[in-house]
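Structural description and commentary
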Amino acid sequence: MSSPAASGAPSPSAPSPSAPSPSAPSPGAFGVWFAFVKMGAVLFGGGYAMLGLLEREIVQRRRWISSREMQDYFALAQLLPGVIAINASMLVGNRLAGLRGNVAAAAGVVTVPFLCIAAYAVAYDSVRTLPEVEAAMAGMRPAVAGMIAGFGLAMVRKAGKTRPALALAIATCALSVAFDPPIIGILALCVAAGAVWAFFVRRRARKAGM
Amino acid sequence: MISLAWSLLSAFFKIGLFTLGGGLAIIALVRQETLAAGWLSPAEFSDILGIAQSTPGPIGVNAATFTGYRVFANAGFAQWQAAAASLAATVAVSLPSVIGVGLGGAWFERHRDDLAVTCVFAILRPCVAGFVCAVGVALAVECFSGAAAAPGGAPGVPARVRDALVFAAAAWAGCSGRFSPVWVLAAGAAAGLAWTFF
């Protein structure tokens, strides 16, 4: 039995996820930009907060796409390389208004955050020596460390459900703390190892099937 | 200036490109790249994380914006040049998404349940989780050893007890996922203020 994925050669004319649905009219690039500016302004806490915002603004309030479709886009955004919130914005913007919508959505979601951070960066040197700011920052540092450690633990709990996966997570953490290896190299190695693993699993399945 | 701009942009492009297997991978990547290049001190990195989490926006994009500005400001460039660098770094970290969504989007849409994709992510996810944990450990070590402390020097014993309590509470809050990072960091900042002024 051959797998359908192996036999199906990618054709250039395959339907892309950006094919517009016939029901809703396109809101246009400016409409997309404005909707994403609103979401960017209240996007606290990273990629996963983005899904809730998209559901509320794009699915429920504006009814531009269905909830089901949004879930699909968000799942895809997590697989693609890049910042999850940007990926999700681009996929949705692409679906709503093509390439212009893609760029408009990404530009929109970073507009307010960019202005906030740029303002903070300009003020950083003069503000950080104020005693109040210094005291607040001194309390924030252990909070940041704890929160990142907590996020990491939650990720290990989620990703390490099997024993080999848990061992891999712990080994990566220990190696990283002890030796600070190049992360990009290790991630590339992970991708290669996954591809090799899939190759062997598929070959074994084919042999067993014969 | 050209070579500094080039290394900044290529670093953030690489960071965006290798943010795989969960968005928080970007924290580990930004930390390694910026500290190795000497662009940020450990204290500045910790401050950026706090700022990036307590202002709106994706954390990787916020870190790119801030780092772009700091690198050019620290190298003695004018404010407008530093602002342009921060905009460029923001674009650079988002650029891999354009490529991923534009070129890979349709392909991934068709192949996302493939064995190869499943296998790659089965290995990537625990690895990335390990890297994020390691950043938490490194930040804690810097915080308690005083490497990330203000010019005042290493904290005394009572301050360390306070830090340990804040760390434990924040770790619990972060792990449970029930609290917005904004409130966790605000609580930490409030603890710092109360400690100094009461």
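Residues numbered from 1 in each chain as written. Chains lettered and ligands numbered in written order. Predicted model: local features only at pLDDT ≥ 70, side-chain atom pairs only at ≥ 80, totals over all residues. Heavy atoms only, no water.

Let us now look at the overall build of chain B. Within chain B one finds 8 helices and 0 strands. Counting helices and strands in the order they occur from the N terminus, chain B gives α-α-α-α-α-α-α-α. Looking at chain B as a whole, 58% of its 198 residues qualify as buried. In chain B, 58% of the contacts between residues at least 6 apart in sequence involve partners at least 24 apart. (Helix = DSSP H or I, 4+ residues; strand = E, 2+ residues; numbered from the N terminus. Buried < 20%, exposed > 50% of the residue type's maximum accessible area, 1.4 Å probe, protein only. Contact = heavy atoms within 4.5 Å.)

Another point: the interface of chain B and chain A. Interface size is commonly expressed as the accessible surface area that is lost when the partners come together. Across the contact, 101 residues belong to chain B and 92 residues belong to chain A. Considering only the side of chain B, the residues that lose the most area to chain A are P56(B), V101(B) and F131(B), jointly responsible for 8% of the buried surface there. Seen at the junction of chain B and chain A, the total is 2 salt bridges. A salt bridge links R141(A) to D47(B); the shortest N-O distance between them is 3.2 Å. At the junction of chain B with chain A, the criterion picks out 11 residue pairs in polar contact (both at pLDDT 80 or more). Every element with two or more residues in the side of chain B that touches chain A is listed here: α1 (2-17), α2 (25-36), α3 (42-54), α4 (59-74), α5 (79-111), α6 (115-145), α7 (157-176) and α8 (181-197) of chain B. Broken down by element, the side of chain B that touches chain A gets its largest block of residues, 25 residues, from α6(B). Among the residues forming the side of chain B that touches chain A, the class breakdown is 62 nonpolar, 27 polar and 12 charged. (Buried area = accessible area lost by both parts, 1.4 Å probe. Salt bridge = Lys/Arg side-chain N within 4 Å of Asp/Glu carboxyl O. Polar contact = N/O pair within 3.5 Å; in protein donor to acceptor, adjacent residues only side chain to side chain. Nonpolar A, V, L, I, M, F, W, Y, C, P; charged D, E, K, R; others polar.)

A few words now on the environment of F18(B). Note that F18(B) resides in the loop between α1 and α2. Remark: the alpha-carbon pair of F18(B) and L29(B), spanning 11 residues in sequence, is separated by 8.1 Å. In contact with F18(B), not counting residues within four places along its chain, are I184(A), L187(A), A188(A) and L29(B).

Okay, unusual backbone geometry next. Trans is the prevailing form of peptide bonds, just as negative phi is the prevailing case for residues other than glycine. All names here are of chain A. Of note in the backbone geometry, R63 takes a positive phi value of approximately 55° without being a glycine. Within the secondary structure, R63 sits in the loop between α3 (47-61) and α4 (67-79). Positive phi values are uncommon outside glycine, yet D180 reaches one of about 50°. Along the chain, the position of D180 falls in the loop between α7 (163-179) and α8 (183-209).

Before going further, it helps to spend a moment on the pattern of salt bridges. Taken as a whole, this structure holds 9 salt bridges over all chains when the rule is applied. With a shortest N-O distance of 3.0 Å, E142(B) and R31(B) are connected by a salt bridge. Here R31(B) lies in helix α2 and E142(B) lies in helix α6, a separation of 111 residues in the sequence. With relative accessibility at 17%, the residue R31(B) sits in the buried group. Shared partners join several salt bridges into a network, and the residues in it are K38(A), E57(A), R61(A) and R62(A).

Attention now moves to α8(B). In this model, α8(B) (17 residues) spans 24 Å end to end at C-alpha, consistent with the 24 Å of a helix rising 1.5 Å per residue. Taken together, the buried positions of α8(B) are P181(B), V182(B), V184(B), L185(B), G188(B), A189(B) and G192(B). (Expected span 1.5 Å × (residues − 1).)

To continue, consider the nonpolar core. Counting residues in hydrophobic clusters, the biggest one holds 113 residues, and the most contacted among them are F36(A), M50(A), L54(A), I58(A), I148(A), F12(B) and I27(B). Ranked by the residues each element gives to this core, the list is headed by helix α5 (residues 84-127) of chain A, at 17 residues. Every residue in contact with I58(A), bar those within four places of it in the chain, is listed here: A35(A), F36(A), M39(A), L53(A), R63(A), W64(A), I65(A), M70(A) and V92(A). (Core = buried A, V, L, I, M, F, W, Y, C linked by side-chain atoms within 4.5 Å.)

Relative to the helices and strands, R70(B) resides in helix α4. There is a polar contact of 3.2 Å between the side chain of R70(B) and the side chain of D125(A). Ignoring any residue separated from it by four or fewer positions in sequence, one finds R70(B) in contact with A121(A), Y124(A), D125(A), L40(B) and E44(B).

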